[in-house]
Structure formats: C-alpha cells, structure tokens
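Structural overview
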Amino acid sequence: MFGTSEKKTTLVTEETALPGRPEPVLATATHFVSKRNMFGPYPEGAEIVYFGMGCFWGAERLFWELDGVWVTAAGYAGGYTKNPVYEEVCTGQTGHAEVVMVVFEPADLSFDRLLRTFWEAHNPTSGMRQGNDIGTQYRSLIGHTTEAQKSSAERSLRLYQDNLGKRGFGKITTEIVKNPAFYPAEEYHQQYLAKNPAGYCGLKGTGVSCEAAGEPQHVG
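These notes cover the structure that comes with them. (Residues numbered from 1 in each chain as written. Predicted model: local features only at pLDDT ≥ 70, side-chain atom pairs only at ≥ 80, totals over all residues. Heavy atoms only, no water.)

Before going further, it helps to examine helix H4 (residues 147–166). With 20 residues, H4 extends 29 Å from end C-alpha to end C-alpha; this agrees with the ideal 28 Å at 1.5 Å per step. Of the positions making up H4, those classed as buried are Gln 149, Ser 152, Ala 153, Ser 156, Leu 157, Tyr 160, Asn 163 and Leu 164. On an axial view of H4, the arc spanned by its buried residues comes to 140°, and they lie on one face. Opposite the packed face of H4, turned more than 90 degrees from it, sit the exposed residues Arg 158 and Lys 166. Those residues of H4 hidden inside the fold are in contact with strand E1 (47–53), strand E3 (97–104), helix H3 (111–120), strand E6 (140–144) and strand E7 (175–178). (Helix = DSSP H or I, 4+ residues; strand = E, 2+ residues; numbered from the N terminus. Expected span 1.5 Å × (residues − 1). Buried < 20%, exposed > 50% of the residue type's maximum accessible area, 1.4 Å probe, protein only. Arc of directions from axis to C-beta. Contact = heavy atoms within 4.5 Å.)

Below, the structure written as structure tokens:
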C-alpha cells in the first residue's frame, strides 16, 4: 500500500502522538457494494468488531463478501490521535492500526467464523508488518465490543498459537483490545478494491488452518 517512506516499527506514546482534530474525516457514507449506510442505524441484534490485519483495502473485501455481514468500513483504531488522516497514520505518530469495522448479524454468521477469516488471511506472528507493508499501522489487532467476543478471541488465539507452533511459527503478536475508538478512513479508502478491482492487496496467510469454532478448515 502506498504511504510515506518512513517505516516506523515502534509504537508512539500518548504524550508524543499527534493531536488530531475535532471532526471526523468521514461522517456519513453509503457502502459502495451493499448500498447500506455504513454508520447506522444497524439491524437489532447486530454486533460490531474491528479487525486489523495489515492493509485495510484487502481486509475489508474479505469481510464484506461474507454472508451475514451487514456492512463494513475501513478506518483507524488502537491509537491516540483523534480523527486522524491517512498521511498522519502513515508516519506512525498516531498509534493507530489500519482496521476494518465489521457489522454482522450473529443469527446468520458466527463470531468464530469471522475469527477464522481473520486468523487465516494474514500472519499474526509478524509484529509491525504484513509482507512488504512495514510499520505500526499494519499490526494485527482484534477490537472486541462484548465480553463474549473477548472470550472467543482469546480462546481462538490460544488454539491458533498451538497450530502455528506445530508448523514452526513464532508467538502471535495480535492485540486484543476492548471497544477501541474507531475513526473512519477517507472516502477513497472505503471499499477500495470494489472501486479499483486491480488495486493492491498484500494480504497473505500462513497456510495454517484455524479450528477456533471447533470446525476444522483446511488450508492448502
């Protein structure tokens, strides 16, 4: 993904983070694919979760394609700067990760299925990078919004760590964060690969399956 030449791999502190701004860079938007309002209202019973797994362009497409996902949005979470812009996030001075907000209906799509998609589509052991994308904004993150999500995320991490260890991978570095502040990214980032089908997607999994839901999914 394009950005600045600086590749910051050490997280900024709250005291040294950029100050940000009072207003969001994107307050209202219609999802390019589903044509739904990205920021609500959502169906009764819908839940929200945030996934950081590298460049959010490819990550967002993974989730909007799943049956049971109501809507998605690309944005920033896990940092300190209020309402950051992309150029600021790229410097590493906001503390944010690129994330996808996923609004889903649990009656139609289990949280464990979302977790399997998350774990298997990136390398959660690579720290502040995914492939050629290097920097704190590309770190792995799960932002849960319920205690049940937290429990499932922690359980799946333990299971996947065991699977990865058997294949020679190191420690998972994924952050599990409670209800992080989410700041939508600029409009041109939203559903980027639907608007630009030949656009960049650097996502690449480890090839190791995740059995978090008790239903093995074999990856070639």
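A full pass over the atoms with the stated rule returns 5 salt bridges. With a closest N to O distance of 2.8 Å, Arg 21 and Glu 88 form a salt bridge. With Arg 21 in the segment before E1 and Glu 88 in helix H2 (residues 86–90), the pair connects residues that are 67 residues apart, well separated along the chain. Where Arg 139 meets Glu 175, a salt bridge forms, and the shortest distance between an N and an O atom there is 2.7 Å. With Arg 139 in the loop between strand E5 (133–134) and E6 and Glu 175 in strand E7, the pair connects residues that are 36 residues apart, well separated along the chain. (Salt bridge = Lys/Arg side-chain N within 4 Å of Asp/Glu carboxyl O.)

Moving on: the nonpolar core. One finds Phe 51, Phe 63, Val 102, Leu 114 and Trp 119 to be the most contacted residues of the largest nonpolar core, which totals 37 residues. Listed by contribution, the elements that provide at least two residues to this core are E1, helix H1 (56–64), strand E2 (69–77), H2, E3, H3, H4 and helix H5 (192–195). Of the residues forming this core, the biggest block, 5 residues, is contributed by H3. Dropping the residues within four chain positions of it, Leu 114 is found in contact with Val 49, Phe 51, Phe 63, Leu 66, Val 69, Val 102, Phe 104 and Leu 109. Core analysis: the next-biggest nonpolar cluster, separate from the first, contains 13 residues, Val 71, Ala 73, Ala 77 and Phe 182 among them. (Core = buried A, V, L, I, M, F, W, Y, C linked by side-chain atoms within 4.5 Å.)

Time to look at the side chain of Arg 139. Taking the relative accessible area as the measure of exposure, Arg 139 reaches 3% and is therefore buried. At 2.8 Å, the side chain of Arg 139 and the backbone oxygen of Gly 95 are in polar contact. A distance of 2.7 Å separates a polar atom in the side chain of Arg 139 from a polar atom in the side chain of Glu 175. (Polar contact = N/O pair within 3.5 Å; in protein donor to acceptor, adjacent residues only side chain to side chain.)

Considering all chains together, one arrives at 0 disulfides under this definition. No disulfide involves Cys 55; its sulfur sits 6.7 Å from the nearest other cysteine sulfur, which is in Cys 201. With no disulfide of its own, Cys 210 lies closest to Cys 201 among cysteine sulfurs, the gap being 19 Å. (Disulfide = S-S within 2.5 Å.)

Position of Thr 81 relative to the elements: it lies in the loop between E2 and H2. For Thr 81, the contacting residues outside a window of four places in its chain are Ala 17, Leu 18, Pro 19, Gly 20, Glu 88, Gln 93, Thr 94, His 96 and Tyr 183.

A residue is classified by how much of its surface remains accessible, and Glu 175, at 24% relative accessible area, is partly exposed. Sequence separation of Glu 175 and Gly 45 is 130 residues, and the distance between their C-alpha atoms is 26 Å. When near neighbours in sequence (up to four residues on either side) are disregarded, Glu 175 contacts Leu 11, Arg 139, Ser 140, Leu 141 and Ile 142.

Moving on, we get to the sheet that holds E1. As summarised here, the arrangement of the 6 strands in space is E7-E6-E1-E3-E2-E8, forming an open sheet in which the pairing is mixed. Both outer strands of the open sheet, E7 and strand E8 (182–184), are each paired with one neighbouring strand and no more. On average, adjacent strands in this sheet sit at an angle of 35° to one another, irrespective of strand direction. Of the pairings in the sheet, the one linking E1 to E6 comprises 4 bridges and is antiparallel in character. When the bridges of E6 are listed, Tyr 50 appears paired with Gly 143. (Pairing = 2+ DSSP bridges. Axes fitted to C-alpha atoms, helices over the stretch in contact; angles between N-to-C directions.)

Along the chain, the position of Leu 115 falls in helix H3. Classification of Leu 115 as buried rests on a relative accessible area of 0%. Linking Leu 115 and Phe 51, residues 64 residues apart in sequence, is a C-alpha distance of 9.1 Å. Not counting the four nearest positions on each side in its chain, Leu 115 is found in contact with Phe 51, Ile 142, Ser 152, Ala 153 and Ser 156.

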